[in-house]
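Here is what each chain is made of, one letter per residue.
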Amino acid sequence: MGRDVIIACDFASKEACLSFLDRFTGRKPFVKIGMELFYAEGPDIVREIKARGHKIFLDLKLHDIPNTVMKAMASLSALDVDMCNLHAAGARAMMEAALKGLTRPDGTRPLLIAVTQLTSTDDTALREELYIEKPMKDVVLGYARNARDAGLDGVVCSPLEAGTVKEGCGEGFFTVTPGVRFADGDVGDQKRIATPARAKELGSDYIVVGRPITQAEDPVAAYERCIKEFVD
Ligand code: C5P
């Protein structure tokens, strides 16, 4: 899979999500389904969106003991998603078990990427609540290396961290980057942001774009703008 734009379908119901996707009559976007929609609608929402021809990143951020994660990943793999994720904090044994669970009998599997540290965690919380003394940058890179060594395909990070991750883990290690905003658009609650064009320069493989597309007056035009800046 090459560089692509993933739309974060952060909707509360199936109806809202499907009527949004109905607008896309040309190119079928790669979509991200997160906890909100999955917990509300269950695995059927994944099957339905897949049947409509979309690629799916199922963003459920698994984190449990290796055996549980292995079995949960086998269930997600049977749903035929294209990408899923876990917390690198679960450590290498959990990540290796996840890959094992995800791999189908024919040897194929969805891409598996790791969350390093959530962007909602800052250096103070890292030190005072998670009891991690190293600076965030070192922690993110260390977790990314663990994910690479466990055989994962990449990490979720800010576009601004994509270069560091590529340097530390190799060009072939994917960076999937939320925090994307148009130069003339609303920033909202995101802090470490880049435009689609800048994310491309910085080496992102996939940008995850939510509100700049879902809340746009013309979501299809906003999506096409992302494709033009990031992919073409
Ligand atoms: O609307 P917006 O473009 O900010 O949406 C970004 C999406 O990426 C949301 O689904 C958000 O949960 C997700 N995300 C993020 N930052 C992370 C991990 C995931 O914004 N570090």
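Structure: see above.
Now for a quick tour of the structure. Keep in mind that what you see is a predicted model, and the values were worked out from it rather than measured.

### A few points about the packing of helix α1 (residues 14–21) against helix α3 (residues 43–51)
Point 1. Relative to each other, α1 and α3 sit at 10 degrees, their axes nearing to 12 Å. Here α1 lies roughly parallel to α3, going by the angle between them. Where α1 crosses over α3, the handedness of that crossing is right-handed. Residue-level inspection shows Lys14, Cys17, Leu18 and Leu21 of α1 in contact with α3, the latter providing Ile45, Glu48 and Ile49.

### A short note on the site of the ligand
Point 1. Around the ligand sit Ala8, Asp10, Lys32, Thr119, Pro178, Arg181, Gln190, Val208, Val209, Gly210, Arg211 and Pro212, and that is every residue in its neighbourhood.
Point 2. Lys32 places a polar side-chain atom, nitrogen or oxygen, 2.9 Å from an oxygen atom of the ligand.
Point 3. Between an oxygen atom of the ligand and a side-chain N or O atom of Arg211, the distance comes to 2.7 Å.
Point 4. Surface burial for the ligand is 81%, taken as the share of its 470 Å² of free accessible area covered by protein chains.

### Some words on the packing of aromatic side chains
Two aromatic rings are characterised by how far apart their centres lie and by the angle between their planes.
Point 1. Taken as a whole and assessed by the stated rule, the structure comprises six aromatic pairs.
Point 2. Pairing Phe174 with Tyr206 gives two aromatic rings, centres 5.6 Å apart and planes at 75 degrees, and the pair type is edge-to-face. Here Tyr206 lies in strand β8 (residues 206–209) and Phe174 lies in strand β7 (residues 174–177), a separation of 32 residues in the sequence.
Point 3. Taking the relative accessible area as the measure of exposure, Phe174 reaches 17% and is therefore buried.
Point 4. Through a chain of ring-to-ring contacts, three or more aromatic side chains come together here, namely Phe11, Phe20, Phe24 and Tyr223.
Point 5. Seen from the ring of Phe230, Arg3 lies directly overhead, with NZ or CZ sitting 5.7 Å from the centre.

### With respect to the nonpolar core
Point 1. One finds Val5, Met73, Leu86 and Ile213 to be the most contacted residues of the largest nonpolar core, which totals 61 residues.
Point 2. For this core, the element with the most residues is helix α7 (residues 136–149), which contributes six residues.
Point 3. For Val5, the contacting residues outside a window of four places in its chain are Phe30, Ile207, Val209, Ile213, Tyr223, Cys226, Ile227, Phe230 and Val231.
Point 4. Core analysis: the next-biggest nonpolar cluster, separate from the first, contains 13 residues, Phe57, Leu111, Val115 and Tyr206 among them.

### Structural notes on the sheet that holds β8
Point 1. Ordered by their spatial adjacency, eight strands build a closed barrel running β1-β2-β3-β4-β5-β6-β7-β8, and the pairing between neighbours is parallel. Ignoring which end each strand starts from, the neighbouring axes of this sheet average 25 degrees apart.
Point 2. Bridge count for strand β1 (residues 4–8) against strand β2 (residues 30–34) is three bridges, and the pairing is parallel. Note that in β2 the partner of Ala8 across the bridge is Lys32.
Point 3. Where helix α4 (residues 66–78) meets the sheet, its contacts fall on β3 (56–62), β4 (83–87) and β5 (111–115), and the angle it forms with β3 comes to roughly 165 degrees.
Point 4. Contacting β3, β4 and β5, helix α5 (residues 91–102) runs over the sheet at an angle of about 155 degrees to β4.

### With respect to the layout of surface pockets
Point 1. Roughly 1,100 Å³ of volume is contained in the largest pocket.
Point 2. The wall of the largest pocket is formed by 40 residues, among which Lys61, Leu118, Thr119, Pro178 and Gln190 lie closest to the centre.
Point 3. If you list the elements that add at least two residues to the lining of the largest pocket, you get β2, α2 (35–41), β3, α7, β8 and α10 (211–214).
Point 4. Lining the second largest pocket are Arg181, Phe182, Asp184, Gly185, Asp186, Val187, Gly188, Arg211, Pro212, Gln215 and Arg225.

### Structural notes on the environment of Lys134
Point 1. Structurally, Lys134 can be placed in the loop between α6 (123–128) and α7.
Point 2. For Lys134, a relative accessible area of 54% gives the class exposed.
Point 3. Sequence spacing of Lys134 and His63 is 71 residues, and the spatial spacing of their C-alpha atoms is 22 Å.
Point 4. Once residues lying within four places of it in the same chain are set aside, the contact partners of Lys134 are Leu126 and Val139.

Thresholds applied
Residue indices follow the written sequence of each chain, beginning from 1 at its first position. Two thresholds apply to this predicted model, a pLDDT of at least 70 for residue-level local features and 80 or more for giving and counting side-chain atom pairs, whereas whole-chain, interface and lining totals are computed over all residues. Side-chain calculation: all heavy atoms of the structure are included, whereas hydrogens and water are not. Interaxial angles span 0 to 180 degrees and are taken between N-to-C directions of axes, which are lines fitted to C-alpha atoms, for helices over the stretch in contact. Strands here are runs of E lasting at least two residues and helices are runs of H or I lasting at least four, both read from the DSSP assignment and numbered beginning at the N terminus. In this scheme, roughly parallel covers angles under 35 degrees and roughly antiparallel covers those over 145, while 65 to 115 is roughly perpendicular and the rest are oblique. Note on convention: near helix rotated counterclockwise from far helix by under a right angle means a left-handed crossing. Clockwise means right-handed. Contacts are assigned to residue pairs with any non-hydrogen atoms lying within 4.5 Å of each other. Only heavy atoms are used to decide nearness, and a residue is near a molecule or strand if one of them lies within 4 Å of it. Polar contacts, as used here, are pairs of N or O atoms within 3.5 Å; protein pairs need one atom able to donate a hydrogen and one able to accept it. Residues neighboring in sequence count only if both atoms are side-chain atoms. The Shrake-Rupley method, run with a 1.4 Å probe, gives the accessible areas here. Residue values count only the displayed protein chains as cover. Ring pairs are drawn from Phe, Tyr and Trp, using the six-membered ring of Trp, whenever the two centres fall within 6.5 Å, and their geometry is named by plane angle: stacked under 30 degrees, edge-to-face over 60, tilted for the rest. Relative accessibility thresholds used throughout: buried, under 20% of the residue-type maximum; exposed, over 50%; partly exposed, between the two (1.4 Å probe, protein chains only). Counted as over-ring charges are cases with an Arg CZ or a Lys NZ within 6 Å of the ring centre that also lie within 35 degrees of the ring normal. By nonpolar core is meant a set of buried Ala, Val, Leu, Ile, Met, Phe, Trp, Tyr and Cys residues that side-chain atoms within 4.5 Å join together. By definition, two strands form a pair when at least two bridges between them are found by DSSP. Points on a 1 Å grid, built from protein atoms alone, make a cavity when a 1.4 Å probe fits but cannot get out and make a pocket when they are open with protein on both sides within 12 Å along at least 5 of 7 lines; residues with an atom within 4 Å of a point are the lining residues. Grid points are joined across faces, edges and corners, and a volume is the space filled by probe spheres set on the points.

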